[in-house]
Amino acid sequence: MKLLYYSLAVYLSATPALAASSADSKKGDKPCTITSPTTGSFFDLTSLQIPDPATSKAKHPKEHSWNATGYDVGYNFTINFCGPVVETVEDVEGVDKELWRNVSAFYRHDDKVYSIGQQNSDLVMRGRKLVLNYTDGSPCEQSQDKRARSERLRESADEDDKKDDKKDDDEKEKEPAKKPKGRTKSTVISMLCDRDPLAPPLQLSFVGTLDECTYFFEGRSAAACATANTSKATLNPAGVFGVIVMIAIMVYFVGGCVYNRAVLQQRGWQQVPNYSLWLGILRFFRDIFIILTSSCTRYTPSRRGYHRVGQNGGMGGNGRARGDSADAENRLIDSLDEDWND
């Protein structure tokens, strides 16, 4: 019956640990990770973050951030995930000097550096889409600057297209400006899962921009695939197997004790299932221990006390030998005394 109490004590002691693990699972995700609120899938983009080579512990750290070709916009983009870009960024348009080191996406155009977003490590789920946003970049261009730039891009077009474009521009000039002031450039990166083993770690593509204020990108990577949340896992496969074995042992002993006590009317140690078997195993290990310890005692020194040494280095076999030895000792002492007196 005591075994039942012991089992109950083990269960009660394990309950606080289980409660603590459930409380930890309710905490927020780590930076650059997210758990989908609808499907429960876990996403981790930390492998796409390129750390600073000066502080990186990698054997061969990367010295460049991810790049995306701008194609028709006339410039390319440099982006890092959940961290600032590796490149040194200076003289960023419309951004305070203290924030230059926090730029996570930028581009260069006309010998100027434009930020399209500051560092951000909070991922967002749009339904089943994984999205990373960067905000608070350089100020968006004014409408006059945009028109001047659009005119430079239309120089290579046909004359008919130029006329149509001028008419559209005239109509737009008559309309009041609807764009709010004070907007800053931002970035939206939509991540897609790519399980192709031969694909590169990341395929970053520029999708487009409508107002040169918000830039849309698409990234394909195996890092964007749903994985198991190892940071919150309380038990690994070995731990799960251990729990199953422990439960099976508890069921064996508790169920056996209940059966032997209630049905077979056993008492004391006889309640343990297969008592004779376990007793034989314990006695076997006891005998092995006795054999090992008894074989080691022969090498331990024994104390036999003092004895008199005979003339030939052995013990005196008779009284005469002991007497001769005593006379020899006395003569030796007398000779030493005489030498000392001289």
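Look up: the structure comes first, before these words.
What counts and how
- Residues numbered from 1 in each chain as written.
- Predicted model: local features only at pLDDT ≥ 70, side-chain atom pairs only at ≥ 80, totals over all residues.
- Heavy atoms only, no water.
- Phe/Tyr/Trp six-rings, centres within 6.5 Å; stacked < 30°, edge-to-face > 60°.
- Buried < 20%, exposed > 50% of the residue type's maximum accessible area, 1.4 Å probe, protein only.
- Helix = DSSP H or I, 4+ residues; strand = E, 2+ residues; numbered from the N terminus.
- Expected span 1.5 Å × (residues − 1).
- Salt bridge = Lys/Arg side-chain N within 4 Å of Asp/Glu carboxyl O.

**Side note on the packing of aromatic side chains**
Move 1: According to the stated counting rule, one finds 13 aromatic pairs in the structure shown.
Move 2: Measuring from ring centre to ring centre gives 5.2 Å for Tyr107 and Tyr114, while their planes differ by 20°; the resulting arrangement is stacked. No difference in accessibility class separates Tyr107 from Tyr114, as the two residues are buried.
Move 3: The interplanar angle of 80° and the centroid separation of 5.0 Å between the aromatic rings of Tyr252 and Phe253 together place this pair among those described as edge-to-face.
Move 4: When its relative accessible area of 24% is taken as the criterion, Phe253 is described as partly exposed.
Move 5: Through successive ring pairs, a cluster of aromatic residues spans Tyr75, Phe77, Tyr107, Tyr114, Phe206, Tyr215 and Phe217.

**What about helix α4 (residues 237-262)?**
Move 1: For α4, spanning 26 residues, the distance from its first C-alpha to its last is 37 Å, which sits close to the expected 38 Å at 1.5 Å a residue.
Move 2: Within α4, burial applies to Gly239, Val254, Gly256, Cys257 and Asn260.

**A few points about the pattern of salt bridges**
When the charged atoms of two side chains with opposite charge come close together, those side chains can pair.
Move 1: All told, the structure shown has 3 salt bridges when counted by the stated rule.
Move 2: Residues Arg183 and Asp211 are paired through a salt bridge, measuring 3.2 Å at the closest nitrogen-oxygen approach. Of this pair, Arg183 sits in the loop between α3 (159-174) and β9 (186-193) while Asp211 sits in the loop between β10 (203-208) and β11 (214-221); the two residues are 28 residues apart in sequence, bridging distant segments of the chain.
Move 3: Residue class for Asp211 comes out partly exposed when judged on its relative accessible area of 23%.
Move 4: The partner of Asp287 in a salt bridge is Arg286, with the nearest N and O atoms 3.7 Å apart.
Move 5: On the basis of relative accessibility, which here comes to 35%, the residue Asp287 falls in the partly exposed class.
Move 6: For Arg286, a relative accessible area of 48% puts it in the partly exposed group.

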